[in-house]
Amino acid sequence: MKHYKLLFLISIITVFFAACREPQIPHIKIVCTSDVHGHLFPYDFLTGDSVQCGLARVSSYLKEQRKHGGNVIYIDCGDMLQGTPATYCYNTYAVGQSHVAAEVLNYLQCDAVVLGNNDIEPGGPTYQRYADNLNCPVVGGNIFFSGTETPFVPPFTIVEREGGKIAVLGLTTPAIPHWIPKCQWPELEFHDMERSAQRWMEYLNEHEQPDLVIGLFHSGYAGGIVTDSYAENATRAVAEHVAGFDAIFYGHDHKPLITEVVNVVGDTVLLLNPGKDAMQVATLDI
């Protein structure tokens, strides 16, 4: 009889602790690439040698994360369309086909992309085809149709995971006129990153109320070309001067970095740069 009483007592204690257990905390992993520069496949087209970079390796990593139940968001910071014969072929010859870079990102279940200066460089028909072929949104809060306040692509996208809303706000370096002639982007203009970020942050807070705001920037940390009209690398400035970002993934300067800055209201913003050629990824566990 004492044996059965002990089992009953253990059962009561087990139920009690189960009832008191905290709710399971959602786990989301954000994975980002940047400045892939056409390195889709793990070999050198000129030599035929294998290389330790490329989106094929990222594919293996993403599959592993998803296999273990990770709720993964994959995003890319731009400069995808220039750098290897694979993308060059689809920029200039295989123009009647879906762009291979878009097909690869679709296979990887990409959630958002921002355009880099080297994506603009091949010209309007190419970057428009690339955007049209993608299953995910291209975001760009400071790219507008010339002479208007109409965004060329959506400024942000909302990704829903584990019952939460994550806003991904895109920005592209406005220094594009320094490198690329206007004839390659005749319908576009590129606005200041800080002012554009402030505009869309206010919109997000008023209309979307996201749980997290993630920046997706094709602009380096700081420095570079600075004129009266634009700053090439404005990621740090935006993070410091525009309140509301929780983290910013960025690229363009090819310098892997993970660091923090404190913004104007005293909040800490995490900055992550995965570097170039898909040699590595930047990941954020939430």
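Quick caveat: nothing in here was measured; it's all calculated off a predicted structure.

> Explanation requested: the side chain of N106 in the structure shown.
Residue placement: N106 occurs in helix α4 (residues 100–107). Here N133 takes part through its backbone oxygen, which lies 3.0 Å from a polar atom of the side chain of N106. N106 has contacts with N133, L134 and N135, leaving out every residue within four places of it along the chain.

> How should the packing of aromatic side chains be read in this particular structure?
Any aromatic ring pair is given by two values, namely how distant the centres are and how the planes are angled relative to each other. For the structure on display, the rule yields eleven aromatic pairs. Between F156 and Y203, the ring centres sit 5.9 Å apart and the planes meet at 45 degrees, which makes this aromatic pair tilted. Here the residue F156 occupies a position in strand β5 (residues 156–161), and Y203 occupies one in helix α8 (residues 193–207), the gap between them amounting to 47 residues. The exposure class of Y203 is partly exposed, given its relative accessible area of 35%. Where W185 meets F190, the ring centres are 5.3 Å apart and the plane angle is 70 degrees; that geometry is what we call edge-to-face. Each member of the pair, W185 together with F190, is buried.

> Would you mind going over unusual backbone geometry with me for this structure?
Most peptide bonds take the trans configuration, and most residues that are not glycine carry a negative phi. Non-glycine residue Q109 carries a positive phi angle of around 60 degrees. Inspection of the secondary structure assignment puts Q109 in the loop between α4 and β3 (112–113). Backbone geometry places H254, a non-glycine residue, at a positive phi of 65 degrees. Here H254 shows up in the loop between β9 (247–250) and β10 (257–262). Look at H254 and you get partly exposed, because its relative accessible area is 30%.

> Sorry if this is basic, but what is going on with helix α3 (residues 85–92) here?
Since one α-helical turn is 3.6 residues long, residues separated by three or four positions face the same way. Among all positions of α3, only A86, T87 and N91 are buried. One side of α3 holds all its buried residues, which, seen down the axis, span an arc of 130 degrees.

> I would appreciate a short explanation of the pattern of salt bridges in the present structure.
Counted by the stated rule, this structure contains six salt bridges. Of the charged contacts, one joins K67 and E64 as a salt bridge, the two residues approaching to 3.4 Å between their closest N and O atoms. Remark: E64 and K67 occur in helix α2 (residues 55–67); sequence separation between them is three residues, near one turn of the helix. The class of K67 is exposed, set by a relative accessible area of 61%.

> I tried to follow the side chain of T235 on my own but got confused; where do I start?
With respect to the secondary-structure elements, T235 resides in helix α9 (residues 235–241). Residue contacts for T235: discarding those within four places in its chain leaves F217, S219, G220, Y221, I248, Y250 and L271.

> How should α4 be read in this particular structure?
Summarising burial for α4: six of the eight residues are buried, a large majority. When we look at burial in α4, the residues that qualify are V100, A101, A102, V104, L105 and N106. Residues of α4 that are buried in the fold lie against α2, β2 (71–76), α3, β3 and α6 (124–133). In the segment just after α4, Q109 is the residue with positive phi, at about 60 degrees.

> Just to check I follow, could you spell out the sheet that holds β9 for this structure?
Sheet strands pair by backbone hydrogen bonding; their relative direction is either parallel or antiparallel. Here six strands make up an open sheet; going across it, the order is β5-β6-β8-β9-β11-β10 and the pairing mixed. Two strands in the sheet have a free side with no partner beyond their single neighbour: β5 and β10. Mean inter-strand twist for the sheet, computed between neighbouring axes without regard to direction, equals 20 degrees. The sheet contact formed by β9 and strand β11 (residues 268–273) spans three bridges and is parallel. Paired with F249 across the bridge in β11 is L272. Against the sheet, α8 makes contact with β5, β6 (164–172) and β8 (212–218), and its axis sits at roughly 160 degrees relative to β6, the strand it touches most.

The rules behind each value
- Residues numbered from 1 in each chain as written.
- Predicted model: local features only at pLDDT ≥ 70, side-chain atom pairs only at ≥ 80, totals over all residues.
- Heavy atoms only, no water.
- Helix = DSSP H or I, 4+ residues; strand = E, 2+ residues; numbered from the N terminus.
- Polar contact = N/O pair within 3.5 Å; in protein donor to acceptor, adjacent residues only side chain to side chain.
- Contact = heavy atoms within 4.5 Å.
- Phe/Tyr/Trp six-rings, centres within 6.5 Å; stacked < 30°, edge-to-face > 60°.
- Buried < 20%, exposed > 50% of the residue type's maximum accessible area, 1.4 Å probe, protein only.
- Arc of directions from axis to C-beta.
- Salt bridge = Lys/Arg side-chain N within 4 Å of Asp/Glu carboxyl O.
- Pairing = 2+ DSSP bridges.
- Axes fitted to C-alpha atoms, helices over the stretch in contact; angles between N-to-C directions.

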